[in-house]
Amino acid sequence: MYLNQSDINKHNLQYIDQHTVGLGMLNWKWGAKKCEEVIELLQNFQVAIPSWALGAGGTRFGRFGIGGEPASLEDKISDVGLLHQLNKASGVISLHIPWDIPDDPDAIKKLAASYQIKFDAVNSNTFQDQKDQAYSYRFGSLQHTDKRVRQQAIQHNKDVIQYGEALGSQSLTVWLADGSSFPGQLNFRTAFQNTLESMHEIYAILPAKWKMFVEYKAFEPNFYSMTVGDWGQSLLYAQKLGNNAYTLVDLGHHLPNANIEQIVSLLLMEGKLGGFHFNDSKYGDDDLTVGCINPYQLFLIFTQLIEGLNAKRMNHAKDLGWMIDASHNIKDPLEDLLQSVEAIMIAYAQALLVDQDELKKAQLNNDVVTCQEILQNAYRTDVRHLVAEARVKNGGVLLPLQFYRSHSIRQKLTERRGYFTKATGL
Ligand code: RM4
Ligand code: MN
Ligand code: MN
């Protein structure tokens, strides 16, 4: 759906005074130079939207449709286009195959370009059986005891790379459900070695500029062991595969209370952090809206990221894959995604306010109290006007959620697409 520029201008004009006052306060507190620096970095920052999370999600107990869900890949691109026109920070989509096969890649690319959207990592799916496949993944895919199953899964990943190439993607995310649900079911070493051998075959055909992301997860759908269960295992695979293989961190894939910011810092140090799947959770892989449960953790992660990226002179916007991975069981997915992107931008902006030099000094002096003051001084700042300013400077909407609601966008989508459409995905 294309938005009307005059509607956007009208909306922005309506709220501009309030915004100017808020922004002025931030300039006064942090200095205009610092604020400008932050705004510029925010303007460059884009977060990829997952193609599998544009419809209503569900749990194993049921699913509640939302109306106007995207029924095709074209619809999904149009939805991401809508988000991007609103927040100017969602100019990327990540596709999951075979949920979203681009049958006519050129037409899809053209449509995406009309919304200024690019393609981030393509994701393979060997955690579900497809109708026409020869062998089942019940007992795993790349780890399977039967070579024919492994070959089928390898071939699928190769196909996914080809789809991605046709669209201009430059990375493949491999997340495996492989593992075991009962003690004794699996020889851990054999499972690891089979998986590694399979990944080697996929890695071998990776185009030159591509990255391969190895995503880990501690549990689910297997409940005793996962063959890529944590960052240590993922790092082992990535190191053994080669320079273009990296670890991907999904925030919801850890055991409770894991110190994710420390994980991120060390992966970055080793040059092996590939990217993120952002979401939030309280109990497991809840896939909730980013920042809805633990925004402080998100801020601490960004603080480590910025310090680590700067130390390596890496580009914040380009050198890591920034993606959302979420599921929307009760909210309108588009509203939820707007909230998620906003939460990411807020955490990034707050972390940019951390005085890294002062923090280093305080660390050297073991001045623990000052260390905490520096972090919390930034975290307790309401940076929403910086985020909004970056959005408006990029041509977006001052208050995206408000605009979405006041222009009855879900209602319009439902009129166009009907109430009972169902999006592929989670
Ligand atoms: C997994 C994991 C993957 C995602 C699937 C749908 O839990 O997070 O990244 O592709 O779900
Ligand atoms: Mn994920
Ligand atoms: Mn997940």
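Let us look at the structure shown here. (Residues numbered from 1 in each chain as written. Chains lettered and ligands numbered in written order. Predicted model: local features only at pLDDT ≥ 70, side-chain atom pairs only at ≥ 80, totals over all residues. Heavy atoms only, no water.)

### Some thoughts on the coordination of the manganese ion (ligand 2)
Here is step 1: Every protein donor of the manganese ion (ligand 2) is accounted for by Glu 215 (OE), Asp 250 (OD), His 277 (ND1) and Asp 325 (OD), and the metal-donor separations fall at 2.1 to 2.2 Å.
Here is step 2: One way to put it: the six donor atoms around the manganese ion (ligand 2) meet at angles of 72 to 167°, and that makes the site octahedral.
Here is step 3: When the donor residues of the manganese ion (ligand 2) are listed from N- to C-terminus, their spacing reads E-x34-D-x26-H-x47-D.
Here is step 4: A separation of 3.9 Å is found between the manganese ion (ligand 2) and the manganese ion (ligand 3). Taken as a pair, Asp 250 in strand β10 (residues 245–250) and His 277 in strand β11 (residues 273–278) lie far apart in primary sequence, 27 residues in all. Residue Asp 250 shares its accessibility class with His 277, and that shared class is buried. (Donors = N, O, S within 2.8 Å, 3.2 Å for Na, K, Ca; no water. Tetrahedral: all angles 85-135°; square planar, octahedral: opposite > 155°, others 65-115°. Helix = DSSP H or I, 4+ residues; strand = E, 2+ residues; numbered from the N terminus. Buried < 20%, exposed > 50% of the residue type's maximum accessible area, 1.4 Å probe, protein only.)

### Looking at the packing of aromatic side chains
Here is step 1: In the structure shown here, the tally under the stated rule is 18 aromatic pairs.
Here is step 2: Plain terms: the ring middles of Phe 278 and Phe 302 are 5.8 Å apart, the flat faces sit at 10° to each other, and that makes the pair stacked. Here Phe 278, found in strand β11, pairs with Phe 302, found in helix α9 (residues 295–311); they are 24 residues apart in sequence, far enough to count as distant.
Here is step 3: Ring centres of Tyr 419 and Phe 420 lie 5.2 Å apart, and the angle between their planes is 80°; on these two criteria the pair is classed as edge-to-face. (Phe/Tyr/Trp six-rings, centres within 6.5 Å; stacked < 30°, edge-to-face > 60°.)

### As for helix α10 (residues 333–353)
Here is step 1: The terminal C-alpha atoms of α10 lie 30 Å apart, and with 21 residues this matches the ideal 30 Å at 1.5 Å per residue to within 8%.
Here is step 2: Burial analysis of α10 places 20 of its 21 residues in the buried class, which makes it a mostly covered element. (Expected span 1.5 Å × (residues − 1).)

### Details of unusual backbone geometry
Here is step 1: A cis amide bond links Ile 97 with the next residue in sequence, Pro 98, at an omega value of 10°.
Here is step 2: A cis amide bond, omega 10°, links Glu 220 with the succeeding residue Pro 221.
Here is step 3: When you line up the elements, Pro 221 lands in the loop between β8 (211–215) and β9 (225–226).
Here is step 4: Topologically, Glu 220 is positioned in the loop between β8 and β9.

### Re the pattern of salt bridges
Here is step 1: Across all of its chains, the model carries 13 salt bridges by this definition.
Here is step 2: Across the pair Asp 75 and Arg 417 runs a salt bridge whose closest N-O atoms are separated by 3.6 Å. Residue Asp 75 is located in helix α3 (residues 73–87), and its partner Arg 417 is located in helix α15 (residues 409–417); the two are separated by 342 residues in the primary sequence.
Here is step 3: The buried category is assigned to Arg 417, whose relative accessible area is 15%.
Here is step 4: For Glu 220, the salt bridge identified is with Lys 217, shortest N-O distance 3.0 Å.
Here is step 5: The class for Glu 220 is partly exposed, based on a relative accessible area of 31%. (Salt bridge = Lys/Arg side-chain N within 4 Å of Asp/Glu carboxyl O.)

### Quick look at the coordination of the manganese ion (ligand 3)
Here is step 1: Each protein donor to the manganese ion (ligand 3) is listed here as His 253 (NE2) and Asp 285 (OD); together their distances run 2.2 Å.
Here is step 2: Under the relative-accessibility criterion, Asp 285 is labelled buried at 16%.

### Observations regarding the pairing of strand β6 (residues 171–175)
Here is step 1: Of all five residues in β6, five are buried, a share of seventy percent or more.
Here is step 2: Side-chain alternation along β6 places Ser 171, Thr 173 and Trp 175 on one buried face and Leu 172 and Val 174 on a second face that is also buried.
Here is step 3: Pairing analysis gives two bridges linking strand β5 (residues 118–123) to β6, with the strands arranged parallel. Within the sheet, the bridge partner assigned to Val 122 lies in β6 and is Leu 172.
Here is step 4: Traced from β5 through helix α5 (residues 147–167) to β6, the parallel crossover comes out right-handed.
Here is step 5: Of the pairings in the sheet, the one linking β6 to β8 comprises five bridges and is parallel in character. (Pairing = 2+ DSSP bridges. Right-handed = clockwise from strand over helix to strand, strands pointing away.)

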